[in-house]
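So you can see what is in the structure, the chains are spelled out below.
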Amino acid sequence: MTTALTHRIHSGPLGPGAISDSEFRLFRDLIYEECGISLGVEKRSFLESRLRRRMEDLGFEVPYEYYRMVTNAESRANELPRLLDSLMICETSFFRNRPQFDLLQDVVLPEIVARKEKAGTRMLRVWSAGCSTGQEPYSAVIALLESLPDRDSWMIRVYASDLSFTALERAHAGLYRPDQLKGIEPHCITQYFRQEHEYYVIKESVSKRVIFDYHNLKHDNGLRGLDIVFCRNVMIYFDTEEQRKLVGRFANCLVPGGFLFLGHAESLQGLSTRFAMLHRNKGIAYKLEA
Ligand SMILES: C[S@@+](CC[C@H](N)C(=O)[O-])C[C@H]1O[C@@H](n2cnc3c(N)ncnc32)[C@H](O)[C@@H]1O
């Protein structure tokens, strides 16, 4: 079978690096099974270009041979995460979707603080699921530090996860170009970043509150009792079935009355009835019903 496929690819009408219909289906199904990302036919050239790059790095010419390597029992554990990493779209920015951060600071946080004060605890637990290169969890910490009354008396933990090793390494380094800081208020740049040559580095007062970890959102990571989950601009890559399962897992992670923030093009419509929508100006969040 390999020989026939190899022959067809080398001699057929497909250009170099192009994948056949059956190869597209093989990779599409593998990716969906592994991480829930649903690649429609419109994503075929995207998949081809990312595959081509990965195959070139490893010296493969035939997509099916690379597929066999990725799914082979011995090499799978190493190569599959790398393939997934190469497919991730990690676009992000500080304080992306500012109205959501306004909602967090003006409405969500005061409600959580009041609840915590009543319970006699000053611990805040947040998860940035699909944190990319760190701008979202760092923005969350800055927003909390800027708004918490008597902020030094609070313990803030932001768990930040992604399945892109490349993104996580950059997130951990916390090093940004000046043009990546737009969206942050100037006084916050001064307070939470220090300049190193042409870069800005996130200060320890923020980074010590963030715990980065590799996690594939296709699975439960065991986090429980969270006050807030950010999962923004990740679900758009999943189909409805996977979105529904993911939202179910978020509901299990949150405390009753906890809050979920989704991306501006995402909603819980048709996915869950366990949350109530909260909105102000253009900021939207979902509150888990008690
Ligand atoms: C477009 S970025 C969004 C980053 C950030 N949440 C924001 O809104 O600015 C999507 C991120 O989700 C991550 N991602 C996609 N599928 C994932 C999965 N199954 N498990 C974990 N992370 C995933 C990608 O690696 C990428 O970093």
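With respect to burial, strand β2 (residues 155–162) is a largely interior element, six of its eight residues being buried. Both strand β1 (residues 123–129) and β2 contribute to a ladder of seven bridges, which runs parallel. Note that in β2 the partner of M123 across the bridge is M155. Between the parallel elements β1 and β2, the chain passes through helix α7 (residues 135–147) in a crossover that is right-handed. Relative to strand β6 (residues 210–214), β2 is paired through five bridges, and the arrangement is parallel. What sits directly across from A160, in β6, is F212.

Take the packing of aromatic side chains next. In total, this model carries 13 aromatic pairs according to the counting rule given. Considering the side-chain rings of Y64 and Y67, the 6.1 Å spacing of their centres and the 20° angle between planes classify their relative orientation as stacked. Remark: Y67 and Y64 occur in helix α4 (residues 63–71); sequence separation between them is three residues, near one turn of the helix. Ring geometry for Y138 and F212: centres 5.7 Å apart, planes at 80°, overall edge-to-face. With Y138 in helix α7 and F212 in strand β6, this pair connects stretches of sequence that are 74 residues apart. Y138 sits in the buried class, given a relative accessible area of 1%. Aromatic ring contacts, followed pair by pair, group F27, F60, Y64, Y66 and Y67 into a single cluster. A cation over a ring is seen here: R98 above F95, with NZ or CZ 4.3 Å from the ring centre. Above the plane of the ring of Y32 lies K218, whose end atom (NZ or CZ) is 5.2 Å from the centre.

Counting 47 residues, the largest nonpolar core has I31, L47, L83, W127, F250, L260 and F275 as the members making the most contacts within it. Excluding anything up to four places from it in sequence, W127 contacts Y159, S161, H215, L217, N221, L223, L226, I228, V229, F230, F250 and C253. Ranked by size, the runner-up nonpolar core spans 43 residues in total, among them V108, L124, A171 and V210.

Turning next to the domain arrangement of the chain. If you check the domain split of the chain, you get domain 1 (2–87) and domain 2 (98–288). Put simply, the middle of domain 1 and the middle of domain 2, counted by C-alpha atoms, are 33 Å apart. On the side of domain 2, 13 residues touch domain 1, which itself brings 10 residues to the contact. Roughly 960 Å² is buried in total at the junction of domain 1 and domain 2, and carbon and sulfur atoms are behind 50% of that figure. For the domain 1 face of the interface with domain 2, the top three residues by lost area are Y32, C35 and D85, together amounting to 44%. Our count for the contact surface shared by domain 1 and domain 2 stands at eight residue pairs in polar contact (both at pLDDT 80 or more). Listing elements by their share of the side of domain 1 that touches domain 2, those giving two or more residues are α2 (21–35) and α5 (76–87). Counting residues per element, the side of domain 1 that touches domain 2 draws most heavily on α2, which supplies four residues. Here the residues of the side of domain 1 that touches domain 2 sort into five nonpolar, two polar and three charged.

The next subject is the pairing of strand β8 (residues 254–262). Within β8, seven of the nine residues are buried, leaving the element largely enclosed by the surrounding structure. Read as a crossover between parallel neighbours, the route from strand β7 (residues 226–231) over helix α11 (residues 240–253) to β8 is right-handed. One ladder, built from two bridges, connects β8 with strand β10 (residues 283–288); its direction is antiparallel. The residue of β10 that forms the bridge with L260 is Y286.

Turning next to the packing of α4 against α5. The contact between α4 and α5 brings their axes to 7 Å, and the two run at 120°. The pairing of α4 with α5 is recorded here as oblique in orientation. Across the interface between the two elements, Y66, M69, V70 and T71 of α4 pack against R76, E79, L80 and L83 of α5.

Calculation rules
Residues numbered from 1 in each chain as written. Predicted model: local features only at pLDDT ≥ 70, side-chain atom pairs only at ≥ 80, totals over all residues. Heavy atoms only, no water. Buried < 20%, exposed > 50% of the residue type's maximum accessible area, 1.4 Å probe, protein only. Helix = DSSP H or I, 4+ residues; strand = E, 2+ residues; numbered from the N terminus. Pairing = 2+ DSSP bridges. Right-handed = clockwise from strand over helix to strand, strands pointing away. Phe/Tyr/Trp six-rings, centres within 6.5 Å; stacked < 30°, edge-to-face > 60°. Lys NZ or Arg CZ within 6 Å of the ring centre and 35° of its normal. Core = buried A, V, L, I, M, F, W, Y, C linked by side-chain atoms within 4.5 Å. Contact = heavy atoms within 4.5 Å. Domains from an automatic or database assignment. Buried area = accessible area lost by both parts, 1.4 Å probe. Polar contact = N/O pair within 3.5 Å; in protein donor to acceptor, adjacent residues only side chain to side chain. Nonpolar A, V, L, I, M, F, W, Y, C, P; charged D, E, K, R; others polar. Axes fitted to C-alpha atoms, helices over the stretch in contact; angles between N-to-C directions. Parallel < 35°, antiparallel > 145°, perpendicular 65-115°, else oblique.

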